[in-house]
Amino acid sequence: MYPDYMNESLKKVAQTRNKRFELAKSGKPVFPPMSAEEREEVLNKFHPDYKPDAISEIRIGPNKGEKLTTEVADMLESRSRIRPELFDLTHPEYETDILIIGGGGAGCVAAIIAMKNGVKSTISTKLRIGDANSMMSQGGMQAAVRAQDSPARHYLDAIGGGHFDNKPELVRTLTEDAPETVKWLEDLGVVWDKLEDGSLQLLHGGGTSRKRMHSCRDYTGAIIMRTLMDEVKNHPDKITVFEFMPIVELILDNKGQCAGGILYNLETEEYFTVKARATIIATGGYGRLHIRGFDTTNHYGATGDGLVIAYRAGAKLLFMDSVQYHPTGAIFPEQIGGFLITEKIRGAGGQPLNKHGEIFVFPQEPRDVETSAIIRECLERNNGIETPSGRLGVWLDSPLIEMLQGKGYINKQFPAMHRQFIRYGIDITEEPMLVYPSLHYQNGGIEINEKGETNIPGLYVAGEASGGVHGRNRLMGNSVLDYNVFGRRAGKYSAEYVKTVELGPLSLEHVANYENELKNAKIKTDLITPVLLPSYTPEVVRKRQLTAHYEGTIR
């Protein structure tokens, strides 16, 4: 339950609710949407990406001289976990057609499609299969399927939301493949929300011009992942799964082709070499780096591993100066700080309110704009609600949804959300949620083309680890679509590739070369990557751990 001192603010929320309800019911905008100039102003002043120390120039590698998010630049300018000379690559422990790195949505989709094309694959995943951001997504998946909508409209929304920095050919692929992807998932067993007449239930997302959000209540990611995992597990003769075995470096051959990777068993602390005719990186994002100190919606293993290993091998990164903060992460109860409050809450009528019970931003601005407006309300205008630990948030008025949509709507459409808060004595059908932006998504990543190919032959990327699809800001529902569309494409085109490729002798020379680059650039670092698992040991405790190595920490 909320502390007593918040009651005065909660009363103001209740007092303004009827007036806000009448305005919402009228069909008029509940708050004026920002102009392009107003959006630019609030982003420049309040979005974390725009702070002077948010980006740093990277001094080595394919993106040398470019400015990247500071924590990412630090991670890339780091040392490898392995000594290449200790590995005998002439006798790999495992061989496979395709090595898929990551057992979330993109990895499972790629394995399924490769199997349909007659190719076997091995999934290497850091934790258990399905332990991924894909499992945790709530809101839904965009796809233009109605007569009043089209992939062209979807394309324009996505391009505009990405500040026109997206790679156009990737956005075209994303939006044109979307309707077919909806059907493919349904054929696999995904049960989309439907109306009483049997038609698909579609909702708005921030920054979209049409209702095109497909969902499975607020368990969308879990339902999709359950379906994909079942399909993977049903074909052990075609898809091998190594759990608790993340990859720590890629292997190339003497022709510069990707030829597998070095795996690390988290339980036995052993390394294993895998020779593969093609490799797909599907490692997801980097939320657990806690960029700018923000809480994160991401799962425990999201530490940007794919970026590091691909970059050392020579893959180019794209838009790594941009981070997405979800506007509404839980800020109280503090036990669930960062927990995702799906954008569907605002799509269904929930409104962001300040401590006076006033709406201060159009609820469906693009995510980066909505985030910046919330930060401004708390930090500049001093209209946030303080938590017992001194953090600030704003109300997200969920009871208004019940008034607009009918009693019982929240329990029907947002059962996971309701259950999460009721554990702490907060009934979101009667009381608003307290929220603040939370680190949510890696907008950029490894550059790919429409086939999921990188500039390294035989290396493919799908899902959040890729860059170019979303530009510098992703719209709601396009991430679930992204990992399905490009997971399918990476699976298809890598399967075609492995049938003709000839590999030469295997090599880890690129790892040694990268270490030399660090030395020649006079970069001194004790950071070892991939991080693998985040460390939450307080610095004061770490200093007393005199024998502890600073391995795997972000400074």
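Computed from a predicted model, the values in this text were never measured in an experiment. (Residues numbered from 1 in each chain as written. Predicted model: local features only at pLDDT ≥ 70, side-chain atom pairs only at ≥ 80, totals over all residues. Heavy atoms only, no water.)

Student: Which parts of the structure should I look at to understand helix α14 (residues 415-422)?
Tutor: Counting buried positions along α14 yields 6 of 8 residues, so the element is predominantly enclosed. When we look at burial in α14, the residues that qualify are Pro415, Ala416, Met417, His418, Gln420 and Phe421. (Buried < 20%, exposed > 50% of the residue type's maximum accessible area, 1.4 Å probe, protein only. Helix = DSSP H or I, 4+ residues; strand = E, 2+ residues; numbered from the N terminus.)

Student: Could you clarify how one ought to interpret the pattern of salt bridges in this entry?
Tutor: Between side chains of opposite charge, a pair can form as their charged atoms come close. Throughout the structure, instances matching the rule amount to 32 salt bridges. Taking the shortest distance from any N to any O, the salt bridge between glutamate 343 and arginine 367 comes out at 2.6 Å. Residue glutamate 343 is found in the loop between β13 (324-332) and α10 (344-347), and its partner arginine 367 is found in helix α11 (residues 367-379); the two are separated by 24 residues along the sequence. No difference in accessibility class separates glutamate 343 from arginine 367, as the two residues are buried. One salt-bridge network, in which partners are shared between bridges, spans Glu343, Arg346, Arg367 and Glu370. (Salt bridge = Lys/Arg side-chain N within 4 Å of Asp/Glu carboxyl O.)

Student: I tried to follow a nonpolar patch on the surface on my own but got confused; where do I start?
Tutor: A surface patch of nonpolar side chains, amounting to about 280 Å² of accessible area, comprises Tyr300, Leu533 and Tyr536. In this structure, tyrosine 300 sits in the loop between β11 (271-281) and α9 (305-313). The partly exposed category is assigned to tyrosine 300, whose relative accessible area is 39%. (Patch = residues over 30% accessible without salt bridge, like charges linked within 9 Å, V, L, I, M, F, W, Y side chains within 5 Å. Areas by Shrake-Rupley, 256 points an atom, 1.4 Å probe, with all protein chains shown as cover.)

Student: Could you clarify how one ought to interpret the nonpolar core in this entry?
Tutor: It is characteristic of soluble globular proteins that their nonpolar side chains tend to be buried jointly. Judged by nonpolar contacts, the single largest core of 151 residues is most densely connected at Leu228 and Ile281. The greatest single-element share of this core, amounting to 10 residues, is contributed by helix α15 (residues 478-498). Both domains that furnish three or more residues to this core are identified here as domain 1 (4-30 + 324-439) and domain 2 (79-286 + 293-322 + 443-507). With residues up to four places along the chain from it excluded, the contact list for isoleucine 281 reads Ile101, Leu250, Gly306, Ile309, Ala310, Ile446, Leu459, Tyr460, Val461, Ala462 and Ala465. (Core = buried A, V, L, I, M, F, W, Y, C linked by side-chain atoms within 4.5 Å. Domains from an automatic or database assignment. Contact = heavy atoms within 4.5 Å.)

Student: Hey, could you run me through the side chain of histidine 214 in this one?
Tutor: Mapped onto the elements, histidine 214 comes out in strand β7 (residues 213-214). Judged by relative accessible area, histidine 214 falls into the buried class, the value being 0%. A polar contact is formed between the side chain of histidine 214 and the backbone oxygen of arginine 212, at a distance of 3.1 Å. Among all residues touching histidine 214, those that are not within four sequence positions of it are Gly139, Gly140, Met141, Gln142, Ala143, Val145, Val182, Trp192, Leu200, Gln201, Leu202 and Thr220. (Polar contact = N/O pair within 3.5 Å; in protein donor to acceptor, adjacent residues only side chain to side chain.)

Student: Is there a simple way to think about the sheet that holds strand β12 (residues 317-318) in this case?
Tutor: Sheet strands pair by backbone hydrogen bonding; their relative direction is either parallel or antiparallel. Taking strand neighbours across the sheet as the criterion, the 3 strands line up as β12-β18-β20 in an open arrangement whose pairing is mixed. Unpaired on one side and paired on the other, β12 and β20 (466-467) mark the two borders of the sheet. As paired strands, β12 and strand β18 (residues 445-447) are joined by 2 bridges and run antiparallel to one another. Each residue of the ladder has a partner; that of leucine 318, found in β18, is glycine 445. (Pairing = 2+ DSSP bridges.)

Student: Honestly, the packing of aromatic side chains in this entry has me stumped. Any pointers?
Tutor: Note on aromatic pairs: each is described by the distance of the centres and the angle between the planes. Going through the model one piece at a time under the given rule, you end up with 12 aromatic pairs. An angle of 55° between the planes, with centres 4.6 Å apart, marks the rings of phenylalanine 294 and tyrosine 325 as tilted. Separated by 31 residues along the polypeptide, phenylalanine 294 in the loop between β11 and α9 and tyrosine 325 in strand β13 bring together distant segments of the chain. Here the two residues phenylalanine 294 and tyrosine 325 agree in accessibility, since each one is buried. Ring geometry for tyrosine 460 versus tyrosine 497: centroids 6.2 Å apart, planes at 70°, classification edge-to-face. Taken together, the residues span a long stretch of sequence, with tyrosine 460 in strand β19 (residues 459-461) and tyrosine 497 in helix α15 at a distance of 37 residues. Tyrosine 497 matches tyrosine 460 in its accessibility class, with the two residues each being buried. (Phe/Tyr/Trp six-rings, centres within 6.5 Å; stacked < 30°, edge-to-face > 60°.)

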